[in-house]
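# Tertiary structure, described
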Number of protein chains: 2
Amino acid sequence: MPELRQDPVTKHWVVVAKERSRRPDDFIHKGKNQAAGGACPFDYGNEALTPPETLAFRPDDLPPNSPDWTVRVVPNKFPAFAPHNDEQIRVSGMYSSRSAYGAHEVVIHGPDHNLSLATYPVEQVKEVLRAYKYRYNYHKSQPYGRYIQIIINHGKEAGASLEHSHSQIFAIPLIPELPKEQLRGAADYYADKGRCVYCDMIAAEIETGSRMIEKTANFAVFVPYAAILPFETWILPITHRPQFEEISEAEYSDLAEILRRTLRRFYYGFEDPPFNMYIHTSPPGYTKLESYHWHMSIIPKFTRIAGFELSTAMWIDVTIPEDAAQFLRSIRL
Amino acid sequence: MPELRQDPVTKHWVVVAKERSRRPDDFIHKGKNQAAGGACPFDYGNEALTPPETLAFRPDDLPPNSPDWTVRVVPNKFPAFAPHNDEQIRVSGMYSSRSAYGAHEVVIHGPDHNLSLATYPVEQVKEVLRAYKYRYNYHKSQPYGRYIQIIINHGKEAGASLEHSHSQIFAIPLIPELPKEQLRGAADYYADKGRCVYCDMIAAEIETGSRMIEKTANFAVFVPYAAILPFETWILPITHRPQFEEISEAEYSDLAEILRRTLRRFYYGFEDPPFNMYIHTSPPGYTKLESYHWHMSIIPKFTRIAGFELSTAMWIDVTIPEDAAQFLRSIRL
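The model shown is predicted, which means the values in this text are computed figures rather than measured ones.

### Some remarks on the overall build of chain A
Secondary structure summary: chain A contains seven helices and 15 strands in total. Its C-alpha atoms give chain A a radius of gyration of 20 Å, near enough to 20 Å, the size a compact globule of 333 residues would have. In terms of overall dimensions, chain A has C-alpha extents of about 50 × 50 × 45 Å along its principal axes. For chain A, buried positions account for 61% of its 333 residues. Contacts in chain A between residues at least 24 apart in sequence constitute 65% of all its contacts with a sequence separation of at least 6. Looking at chain A as shown, the accessible area adds up to about 12,800 Å², and 50% of this sits on carbon and sulfur atoms. Of the side-chain charges in chain A, 36 are positive and 41 negative, and the distance between the mean point of each set is 3 Å.

### Overview of the sheet that holds strand E6 (residues 95–99) of chain B
Read from one edge of the open sheet, five strands run E15(A)-E2(B)-E1(B)-E6(B)-E5(B), paired in mixed fashion. Of all strands in the sheet, those with a lone pairing partner are strand E15 (316–317) of chain A together with strand E5 (90–92) of chain B, marking the two edges.

### Some thoughts on the sheet that holds strand E10 (residues 212–215) of chain B
All names here are of chain B. On the basis of which strands lie adjacent, the open sheet formed by 10 strands has the order E3-E4-E7-E9-E8-E13-E14-E12-E11-E10 and antiparallel pairing. Across the chains shown, the open sheet's two edge strands, defined by having one partner strand only, are strand E3 (55–57) and E10. Averaged over all pairs of adjacent strands, the angle between their axes in this sheet comes to 20°, without regard to strand direction. In terms of strand pairing, E3 meets strand E4 (residues 71–75) through three bridges, oriented antiparallel. Directly across from Ala56, in E4, lies its bridge partner Arg72. This element, helix H5 (residues 249–270), spans E10, strand E11 (219–222), strand E12 (233–237), strand E13 (275–280) and strand E14 (295–300) of the sheet and lies at about 15° to E14. The strands touched by helix H7 (residues 321–330) are E10 and E12; relative to E10, the strand with the most contacts, the crossing angle is about 45°.

### Thoughts on the relation of the copies chain A and chain B
Rotating chain A by 180° about the axis while translating it 0.0 Å along that axis superimposes it on chain B, leaving an RMSD of 0.0 Å. Taken together, the rotation angle and the small translation identify this as a two-fold axis. Proximity to the rotation axis, assessed at the C-alpha, singles out Ile305 of chain A in chain A; its C-alpha lies 3.6 Å from the axis. Looking at chain A, 100% of its interface residues are interface residues in chain B too, so the copies touch through the same face.

### With respect to unusual backbone geometry
Residues and elements named next belong to chain A. Positive phi is not limited to glycine here, since Asn65 has a value of about 65°. For Asn65, the location among the structural elements is in the loop between strand E3 (55–57) and strand E4 (71–75). A residue is classified by how much of its surface remains accessible, and Asn65, at 29% relative accessible area, is partly exposed.

### Observations concerning the interface of chain A and chain B
Contact residues are listed per partner, giving 91 residues for chain A and 91 residues for chain B. Counting across the chain A and chain B interface gives two salt bridges. Applying the counting criterion to the chain A and chain B interface returns 24 residue pairs in polar contact (both at pLDDT 80 or more). Counting residues per element, the side of chain A that touches chain B draws most heavily on helix H3 (residues 177–193) of chain A, at eight residues. Taken together, the residues of the side of chain A that touches chain B sort by class into 53 nonpolar, 20 polar and 18 charged. Taken together, the two bridges between E15 of chain A and strand E2 (residues 13–16) of chain B define a ladder with parallel strand orientation. Bridge assignment links Asp317 of chain A to a residue of E2 of chain B, and that residue is Val16 of chain B.

### Focus on the layout of surface pockets
In this structure, the second largest pocket occupies an estimated 300 Å³ of space. Forming the walls of the second largest pocket are 17 residues, and the residues nearest its centre are Pro8, Val9 and Lys11 of chain A together with Gly185 and Asp188 of chain B. Class assignment for the residues of the lining of the second largest pocket results in four nonpolar, six polar and seven charged.

### Describing the packing of helix H2 (residues 122–140) of chain B against H5 of chain B
Residue and element names in this part refer to chain B. The geometry of H2 relative to H5 is characterised by a closest axis approach of 9 Å and an angle of 120° between their N-to-C directions. The angle between H2 and H5 places the two elements in the oblique class. For the pair H2 and H5, the sense of crossing is right-handed. On H5, the residues that touch Val122, Val125, Lys126, Leu129, Arg130 and Lys133 of H2 are Glu249, Tyr252, Ser253, Leu255, Ala256, Glu257, Leu259 and Arg260. Classifying every residue of the contact of H2 with H5 gives seven nonpolar, one polar and six charged.

### Notes on the environment of His12 of chain A
Position of His12 of chain A relative to the elements: it lies in the loop between strand E1 (3–6) and strand E2 (13–16). Separated by 165 residues in sequence, His12 of chain A and Glu177 of chain A place their C-alpha atoms 7.2 Å apart. When sequence neighbours within four positions are dropped, the list of residues in contact with His12 of chain A reads Arg5, Gln6, Asp7 and Glu177 of chain A together with Glu181 of chain B.

### Looking at the packing of aromatic side chains
All names here are of chain B. Across all of its chains, the model carries 40 aromatic pairs over all chains by this definition. Aromatic pair Phe81 and Phe170: ring centres 6.5 Å apart, planes at 90°, arrangement edge-to-face. Here Phe81, found in the loop between E4 and E5, pairs with Phe170, found in strand E9 (residues 166–172); they are 89 residues apart in sequence, far enough to count as distant. Since its relative accessible area comes to 1%, Phe81 is described here as buried.

### A short note on the pattern of salt bridges
The tally for this structure, following the rule as stated, stands at 30 salt bridges over all chains. Here the salt bridges share partners, and the residues they tie into one network are Glu3 and Arg5 of chain A together with Glu205, Arg211 and Glu322 of chain B.

### Let's talk about helix H4 (residues 197–208) of chain B
Each full turn of the α-helix corresponds to 3.6 residues, which orients residues three or four apart in the same direction. When the terminal C-alpha atoms of H4 of chain B are compared, their 16 Å separation across 12 residues agrees well with the 16 Å that a helix rising 1.5 Å per residue should span. Buried-residue contacts for H4 of chain B involve strand E6 (95–99) of chain A together with helix H3 (177–193), E10, E11, E12 and E14 of chain B. Positioned one or two residues after H4 of chain B, Gly209 of chain B has a phi angle of 85°, which is positive.

### Comments concerning the pairing of E10 of chain B
All names here are of chain B. Examined bridge by bridge, E10 and E11 share three bridges and lie antiparallel to one another. Within E11, the position partnered with Lys215 by the bridge is Ala220. Count of turn residues in the E10/E11 antiparallel hairpin: three residues.

What counts and how
Residues numbered from 1 in each chain as written. Chains lettered and ligands numbered in written order. Predicted model: local features only at pLDDT ≥ 70, side-chain atom pairs only at ≥ 80, totals over all residues. Heavy atoms only, no water. Helix = DSSP H or I, 4+ residues; strand = E, 2+ residues; numbered from the N terminus. Rg over C-alpha atoms; globule rule 2.2 N^0.38 Å. Buried < 20%, exposed > 50% of the residue type's maximum accessible area, 1.4 Å probe, protein only. Contact = heavy atoms within 4.5 Å. Areas by Shrake-Rupley, 256 points an atom, 1.4 Å probe, with all protein chains shown as cover. Lys, Arg positive; Asp, Glu negative; His and termini not counted. Charge placed at Lys NZ, Arg CZ, Asp CG, Glu CD. Pairing = 2+ DSSP bridges. Axes fitted to C-alpha atoms, helices over the stretch in contact; angles between N-to-C directions. Least-squares fit on C-alpha atoms with pLDDT ≥ 70 in both. Salt bridge = Lys/Arg side-chain N within 4 Å of Asp/Glu carboxyl O. Polar contact = N/O pair within 3.5 Å; in protein donor to acceptor, adjacent residues only side chain to side chain. Nonpolar A, V, L, I, M, F, W, Y, C, P; charged D, E, K, R; others polar. 1 Å grid on protein atoms, 1.4 Å probe; cavity = no way out; pocket = protein on both sides within 12 Å on 5 of 7 lines; lining within 4 Å. Points joined across faces, edges and corners; volume = space filled by probe spheres on them. Parallel < 35°, antiparallel > 145°, perpendicular 65-115°, else oblique. Left-handed = near helix turned anticlockwise from the far one by under 90°. Phe/Tyr/Trp six-rings, centres within 6.5 Å; stacked < 30°, edge-to-face > 60°. Expected span 1.5 Å × (residues − 1).

Right, dumping it as structure tokens:
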């Protein structure tokens, strides 16, 4: 079972994922790790190569784990968090550990091995968002569902171990450091000004314009003022929306469209670059909903996280946010 | 000039390094960025290709920036922090920025293009540590020297842009998040127990043994209990030492020896892997010296920092620390 270990100085929890554990030899020639010529477990017809699905969209009369699905969700074969119903913290001397109790799933974006959210039709992107919502709500109802993180790792440099386009959902028993700091910062801002900091940011960005990429009826897309890495891009609902899972059918359609358009800017601007996407949203049970505002962040993976960032947790962005926005606006879609 | 921008939610500062700025085209085919066949500015005889040195060890009768040096320190040509004596915070609407006032230097480990700290003789490693100490003390005396970070990025995957073995020194006008949390955590532990948390950790590791790699007269080497990445390894002085720059001549010799031995474990165990090294030490002027304990961390760069880590600041270590230590102990030196 994967385990959480607490750093005795900072009190941060680290996942030690024994299921994912690799032997030292695996690290010597990393090229060898690439599954060479093996069947892709996410391809149509290879449903038996994954653990049994937890959700799939397919015609009603077909059985689970059969083909003809549009989007399919399966447990991660090498989970960082797993269900085992053990929340106890174990103390041994100065060290504390607990089970990495939770869930870790894969959302397969579609049956086609060569398409991604940038190149599928928009209806398919909407199906993926619908799968996010269904699984989010499922995990939210589980005892381990204190925090749910949806992410995409696209491309080897962004950490993807399989090239078939997919997302991952982590449902975990605690709120990690960065979301905790964001929630606290946003609550402090609200206590001070009586307004949501993200709402203010959206208004400021629309007014300034230099970091804006696009604006639709429901969503704003811009490069954040203090982007942590080159071309970081945010998508946010323009009106105050604390919870991703509460968005309406109309908003879903608009979000699918704008997410696809944004990913296409990267796809054409940088020739299908590696990227990470993640959704930050109010954790289940969060009460200060007036102060937090869900958003998506897309970060192409062009530079390496190196010694300075590791040792300080401070980011160096080598591209000026205004220049990044100008370039992304200029892509013909 | 490079600039610091503050995230309006978390209040974290990000460096926007205009000097390092790249055009979007630079990211499309990253292979092109590798300087192909150009002269290495860190090689012996190419001293004119770097900015004028700020320190070099060479025979006394030779002029600055001439050959025959053993270790040479030069300003980084594309600095993330630069001296310009402007500490003012500029506020524009909801956003705050300030000059990235400070220094960013390169410590060239030696004149040989093909050697590194693992393969140079131990005397050379000692010279590098001596250069760290000299420059640390210089920056400590400067108005921008609130925090000084020494790091190594070795190999392209670890973020090195030049392959010639070198370290970097960042002297910056604020204490970044991670060191701040470590200092606070260590001070809290001291307030609670009346002991240094690192001293307690060293005693626990020596007693347990399963994560120990080596112990010398002055230093302990082990894989930390909550290692953030596979094979993370710490080197710490066994007796309480809050400040790296205060270590004695005898300790330097021992440190050079143990640092080189540890790097050789990686060099032989993983065939010269990419790695990051950093030193965490009490910042200049820190008063709670009884609670903090300087240490070196070495992290081979085997896995990618991906969507989960970016979105949560929570780490997933896919190698069990006890297994990592066992492997590193087993390397024949």
